[in-house]
Amino acid sequence: MKDILLVLSVTALAFLYSCGQEEKQQQYPYTPEYLEYTTETTLPMTSVVPETTALNPETPINLMTTSVGSGLASDTSTSDTSSSSLSEQSVTTVAVQTEVIKGVSADNYNAEDMAKYFKENNAPHFGEYVIRTTKDDSNLGKDDSYTSKVSFRVESVKYNKNDPYDGSVEVYRTLEDADEQYKYYRNMYRNKPVYSEYLFKKDRMLIRMKFDVDASDEEIYENLMTEFFEKLHSVICPKCGEIIPDDSIYCKFCGTRQ
Ligand SMILES: [Zn+2]
């Protein structure tokens, strides 16, 4: 019985190893197998755009470019470059949706997007939240103040009807405005320690939370905030659907070039 098990497990290992090898080959971006796959799935050659356009962050859909050695692609019907030499490079494009978080981009996010992200990702004890308007918040949109704000309840903190919310998310128009406000809060905590609270900043966003929130919970909120911004600065791989950070050239799951 033991012998049979041994034989079976050796066979299984050999099989897994061979699968791994195949996968490795497919992952390498310039193998012929890979090119066949990409040329099948790329858009017609008429949609060729220069790489600079593809990398422009203001382009609403990110056009992914893949450099294809024309000699290798010459046996596919979509290629019209079969007569050109191997050294010439043709560029094919793949349209990719950049919205890793639906409807939210690095340019258009607001405080409620962060609140929704906390809720959807089970931030600890995250309770109800209110979106501030100019009716209940005179600072909103004023001068260099925040342009959107959400106040939220953290259920682990004892409810105080005079001060019912335990955290807030503020989004500013510019990085400078957010920096200025960050310094202002820091100064205030130094001068009036009784007002001290957790304060963290990323991009144009500030989050404040009462010290009554558990430190371990606060850390999770901070990590979710970091994750939120990582996602805003990522794109979706056109081939496998995984997330590619915008500072990576290749998808780490399938090798597709960004
Ligand atoms: Zn991929």
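What you see is a predicted model; the values in this text were computed from it and never measured.

### Here we look at the confidence of the model for the protein
Here is step 1: Per-residue confidence for the protein averages 75 on the pLDDT scale, and 62% of its residues sit at or above 70.
Here is step 2: Scored below 50 in pLDDT, residues 10–16 makes zero contacts in the model with residues more than four places away or belonging to other chains.
Here is step 3: The low-confidence segment residues 18–95 (pLDDT under 50) makes 90 contacts with residues lying over four places distant or belonging to another chain.

### Remarks on unusual backbone geometry
Here is step 1: At Asn-122, a residue that is not glycine, the phi angle is positive and equals roughly 55°.
Here is step 2: Its location among the elements puts Asn-122 in the loop between helix H5 (111–120) and strand E3 (126–131).
Here is step 3: What makes Asn-122 exposed here is the crowd of 10 C-beta atoms within 10 Å.
Here is step 4: Of note in the backbone geometry, Asp-143 takes a positive phi value of approximately 45° without being a glycine.
Here is step 5: Under the C-beta neighbour-count criterion, Asp-143 is labelled exposed, with 7 such atoms within 10 Å.

### Comments concerning the sheet that holds strand E5 (residues 167–171)
Here is step 1: The five strands are arranged E3-E4-E5-E7-E6 in an open sheet whose pairing can be described as antiparallel. Among the strands making up the open sheet, the edge pair consists of E3 and strand E6 (198–202). The mean angle between the axes of side-by-side strands here comes to 15°, regardless of whether they run parallel or antiparallel.
Here is step 2: Where E5 lies against strand E7 (residues 205–209), five bridges are found, and the strand directions are antiparallel. Counterpart to Glu-170 in the pairing with E7 is Leu-206.
Here is step 3: Here H5 sits on the sheet and contacts E3, strand E4 (148–154), E5 and E7; the angle it forms with E4, its principal contact strand, is near 25°.
Here is step 4: This element, helix H6 (residues 175–191), spans E6 and E7 of the sheet and lies at about 25° to E7.

### So, the environment of Ala-178
Here is step 1: Inspection of the secondary structure assignment puts Ala-178 in helix H6.
Here is step 2: Separated by 27 residues in sequence, Ala-178 and Met-205 have C-alpha atoms that sit 6.6 Å apart.
Here is step 3: Not counting residues up to four positions away in its chain, the partners in contact with Ala-178 are Tyr-172, Lys-201, Arg-204, Met-205 and Leu-206.

### So, the nonpolar core
Here is step 1: Of all hydrophobic cores here, the largest spans 25 residues; its most connected members are Met-114, Ala-115, Val-169, Val-171, Met-205 and Ile-207.
Here is step 2: Elements represented by at least two residues in this core include exactly H5, E3, E4, E5, E7 and helix H7 (215–232).
Here is step 3: Those residues in contact with Met-205 that sit more than four places away from it in its chain are Met-114, Val-169, Glu-170, Val-171 and Ala-178.

### A look at the environment of Gln-258
Here is step 1: Looking at where Gln-258 falls in the secondary structure, it is placed in the segment after strand E9 (243–245).
Here is step 2: For the pair formed by Gln-258 and Ile-236, sequence separation is 22 residues and the distance between their alpha carbons is 9.4 Å.

### A word on H5
Here is step 1: Listed as buried for H5 are Ala-111, Asp-113, Met-114, Ala-115 and Phe-118.
Here is step 2: Residues of H5 that are buried sit in contact with E3, E4, E5, E7 and H7.

How each quantity is defined
- Residues numbered from 1 in each chain as written.
- Predicted model: local features only at pLDDT ≥ 70, side-chain atom pairs only at ≥ 80, totals over all residues.
- pLDDT = per-residue confidence, 0-100.
- Contact = placed C-beta atoms within 7 Å.
- Helix = DSSP H or I, 4+ residues; strand = E, 2+ residues; numbered from the N terminus.
- Buried ≥ 20, exposed ≤ 12 C-beta atoms within 10 Å, placed from the backbone.
- Pairing = 2+ DSSP bridges.
- Axes fitted to C-alpha atoms, helices over the stretch in contact; angles between N-to-C directions.
- Core = buried A, V, L, I, M, F, W, Y, C linked by C-beta atoms within 7 Å.

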